[in-house]
Amino acid sequence: MASHGARSRSGGRPTLEEVAARAGVGRGTVSRVINGSPRVSDATRAAVEAAVAELGYVPNTAARALAANRTDAIALVVPEPETRFFAEPYFSDMLKGVGAELSETEMQLLLIFAGSDRERRRLAQYLAAHRVDGVLLVSVHADDPLPDLLSQLEIPAVISGPRSAAETLPSVDSDNYGGGRSAVEHLLSRGCRTIAHITGRLDVYGAQRRVDGYRDALLAAGHEVDEQLIQPGDFTEEGGRRAMTELLARRPDLDAVFAGSDVMAAGARQVLREEGLRIPDDVALVGYDDSAIARHMDPPMTSVRQPIEEMGRRMIDLLLTEIADRRPAVTRELERRQVVLATELVTRTSS
């Protein structure tokens with residue numbers, strides 16, 4: 001009888017993982033079935049439902065019906081000024097992926113900006129009232145207190161990229177190290193030897209990893225890393241302009257630039273043209289993101305493509321799993337998942 005299977009292997013309440021193991025599927029698939037997503041085959045749905053019945057698992061949707069403690073809302077929190085959100089293709093692509101995945105559930109999406117101290121205080125009050133079931137955090141900086149606040153409030157959360165190698169929250173990111181390394185290896189293969197790097201904000205772990213990839217590519221090819229060729233930027237077009245100006249002042253002999261975003265590369269390109277330097281004849285240029293900016297630039301720009309929409313989809317998948325998993329937060333922290341998606345170098349005529 002089903003009741004004999006209700007007790008978990010650990011002797012306690014059945015877990016999401018045990019349901020997944022019994023059904024022969026992943027945690028995310030169980031989460032989608034529990035949350036009513038249509039992106040599951042009939043056979044898989046039947047297997048998950050049978051495992052739920054056999055184990056006596058009480059999913060979050062059932063708990064909601066009993067306790068009415070769900071809001072059916074997820075917040076996408078952007079701790080950046082609104083101007084940056086609407087200026088950078090990264091954010092719109094992320095939102096597109098999040099919205100597409102969430103549209104297949106009954107959950108609602110709230111977009112919340114928290115770029116100022118006032119907005120952050122208001123957000124903290126809003127979250128403390130538990131008005132959302134979970135939070136997606138996009139563009140998180142190393143010193144951002146929001147992830148720790150969410151942990152304290154025991155609100156399920158997923159971030160777009162870890163704050164450090166010791167991240168405790170679930171995260172979804174692209175292979176920033178591999179992307180940075182492939183960009184420099186490409187420039188080296190084209191005969192470039194004095195390769196500059198305009199970094200993103202270095203309080204963002206992803207930007208740090210791109211710098212690591214830049215350094216290691218040079219070292220692996222037998223070249224020394226010249227710190228004069230590394231200039232911090234801030235992911236903005238104006239930041240790219242400033243960084244390019246500084247680099248040319250220090251090293252006018254540079255023959256290539258790897259920018260940590262397409263937006264910064266666009267700013268760098270403006271300065272190069274103002275200085276009468278031809279792309280790629282005098283200076284090769286590579287960006288990061290493979291956004292519309294790269295495709296429409298003159299000349300079209302080589303860029304590292306990261307699957308931003310897919311990152312958004314995977315963030316929702318992880319978050320729904322976290323929401324459905326009602327085990328104590330301390331237990332869940334032992335199993336935090338860091339998802340890293342592959343990048344791809346897309347070569348065009350700028351290099």
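Computed from a predicted model, the values in this text were never measured in an experiment. (Residues numbered from 1 in each chain as written. Predicted model: local features only at pLDDT ≥ 70, side-chain atom pairs only at ≥ 80, totals over all residues. Heavy atoms only, no water.)

Details of the overall build of the protein chain
Here comes step 1: A count of helical and extended segments in the protein chain gives 15 helices and 12 strands.
Here comes step 2: Buried positions account for 52% of the 351 residues belonging to the protein chain.
Here comes step 3: Relative to all contacts within the protein chain whose residues are 6 or more apart in sequence, the contacts with residues 24 or more apart total 72%.
Here comes step 4: A total of about 15300 Å² of accessible surface is found on the protein chain, and carbon and sulfur atoms cover 49% of it.
Here comes step 5: Put simply, the protein chain has 42 plus and 52 minus side-chain charges, and the middle of one group is 4 Å from the middle of the other. (Helix = DSSP H or I, 4+ residues; strand = E, 2+ residues; numbered from the N terminus. Buried < 20%, exposed > 50% of the residue type's maximum accessible area, 1.4 Å probe, protein only. Contact = heavy atoms within 4.5 Å. Areas by Shrake-Rupley, 256 points an atom, 1.4 Å probe, with all protein chains shown as cover. Lys, Arg positive; Asp, Glu negative; His and termini not counted. Charge placed at Lys NZ, Arg CZ, Asp CG, Glu CD.)

A look at the nonpolar core
Here comes step 1: Ranked by size, the top nonpolar core spans 41 residues in total, and within it Ile195, Ile198, Met244 and Leu254 carry the most contacts.
Here comes step 2: If you list the elements that add at least two residues to this core, you get helix 9 (176-189), strand 6 (195-199), helix 10 (205-220), helix 11 (237-250), strand 8 (256-259), helix 12 (262-274) and strand 9 (284-289).
Here comes step 3: The greatest single-element share of this core, amounting to 6 residues, is contributed by helix 12.
Here comes step 4: When neighbours within four sequence positions are excluded, methionine 244 is seen to be in contact with Ile198, Leu254, Val257, Ala268, Val271 and Leu272.
Here comes step 5: Counting residues in hydrophobic clusters, the runner-up holds 25 residues, among them Leu76, Val138, Ile308 and Leu319. (Core = buried A, V, L, I, M, F, W, Y, C linked by side-chain atoms within 4.5 Å.)

As for the domain arrangement of the protein chain
Here comes step 1: Annotation of the protein chain at the domain level lists domain 1 (9-59), domain 2 (73-174 + 310-340) and domain 3 (176-305).
Here comes step 2: Put simply, the middle of domain 2 and the middle of domain 3, counted by C-alpha atoms, are 29 Å apart.
Here comes step 3: Contact with domain 2, which involves 13 residues of that partner, is made by 10 residues of domain 3.
Here comes step 4: Interface area for domain 2 against domain 3, summed over the two sides, is near 990 Å², with a carbon-plus-sulfur share of 52%. (Domains from an automatic or database assignment. Buried area = accessible area lost by both parts, 1.4 Å probe.)

Observations concerning unusual backbone geometry
Here comes step 1: For the bond from isoleucine 279 to proline 280, the omega torsion is 5 degrees, close enough to zero to count as cis.
Here comes step 2: Residue proline 299 follows aspartate 298 across a cis peptide bond; omega there is 0 degrees.
Here comes step 3: Within the secondary structure layout, proline 299 lies in the loop between helix 13 (292-296) and strand 10 (302-305).
Here comes step 4: If you check the backbone angles, serine 139 has positive phi at about 65 degrees while not being a glycine.
Here comes step 5: Looking at the secondary structure, you find serine 139 in the loop between strand 3 (134-137) and helix 8 (146-152).
Here comes step 6: A positive phi angle is found at glutamate 154, which is not glycine, with a value near 55 degrees.
Here comes step 7: The topology assignment puts glutamate 154 in the loop between helix 8 and strand 4 (157-159).

Some points on helix 12
Here comes step 1: Over its 13 residues, helix 12 extends 19 Å from the first C-alpha to the last, a length consistent with the 18 Å expected when each residue adds 1.5 Å.
Here comes step 2: Extensive coverage of helix 12 is indicated by the burial of 10 of its 13 residues.
Here comes step 3: Within the span of helix 12, buried status applies to Asp262, Val263, Met264, Ala265, Ala266, Gly267, Ala268, Arg269, Val271 and Leu272.
Here comes step 4: With its phi angle positive at about 80 degrees, glycine 276 sits one or two positions after the end of helix 12. (Expected span 1.5 Å × (residues − 1).)

Regarding the pattern of salt bridges
Here comes step 1: Taken as a whole and judged by the stated rule, the model has 25 salt bridges.
Here comes step 2: One salt bridge in this structure joins arginine 273 and aspartate 298, with 3.8 Å as the shortest N-O distance. Pair noted here: arginine 273 is in helix 12 and aspartate 298 is in the loop between helix 13 and strand 10, with a separation of 25 residues, a long-range link.
Here comes step 3: By relative accessible area, which is 49% here, aspartate 298 ends up partly exposed.
Here comes step 4: For arginine 305, the salt bridge is made with aspartate 290, and the minimal N-O distance between the two is 2.7 Å. Residue arginine 305 is located in strand 10, and its partner aspartate 290 is located in the loop between strand 9 and helix 13; the two are separated by 15 residues in the primary sequence.
Here comes step 5: According to the relative accessible area criterion, arginine 305 is partly exposed, its value standing at 37%.
Here comes step 6: Aspartate 290 sits in the buried class, given a relative accessible area of 7%.
Here comes step 7: Members of the salt-bridge network, linked through shared partners, are Asp290, Arg305, Glu344 and Arg348. (Salt bridge = Lys/Arg side-chain N within 4 Å of Asp/Glu carboxyl O.)

Thoughts on the packing of helix 1 (residues 16-23) against helix 3 (residues 42-55)
Here comes step 1: Contact geometry of helix 1 with helix 3 gives a least axis separation of 8 Å together with a crossing angle of 125 degrees. Here helix 3 runs oblique to helix 1, going by the angle between their axes. Crossing of helix 1 against helix 3: the hand is right-handed. Taken together, the residues of helix 3 that come into contact with helix 1 (itself represented by Glu18, Val19, Arg22 and Ala23) are Ala47, Val48, Ala51, Val52, Glu54 and Leu55. (Axes fitted to C-alpha atoms, helices over the stretch in contact; angles between N-to-C directions. Parallel < 35°, antiparallel > 145°, perpendicular 65-115°, else oblique. Left-handed = near helix turned anticlockwise from the far one by under 90°.)

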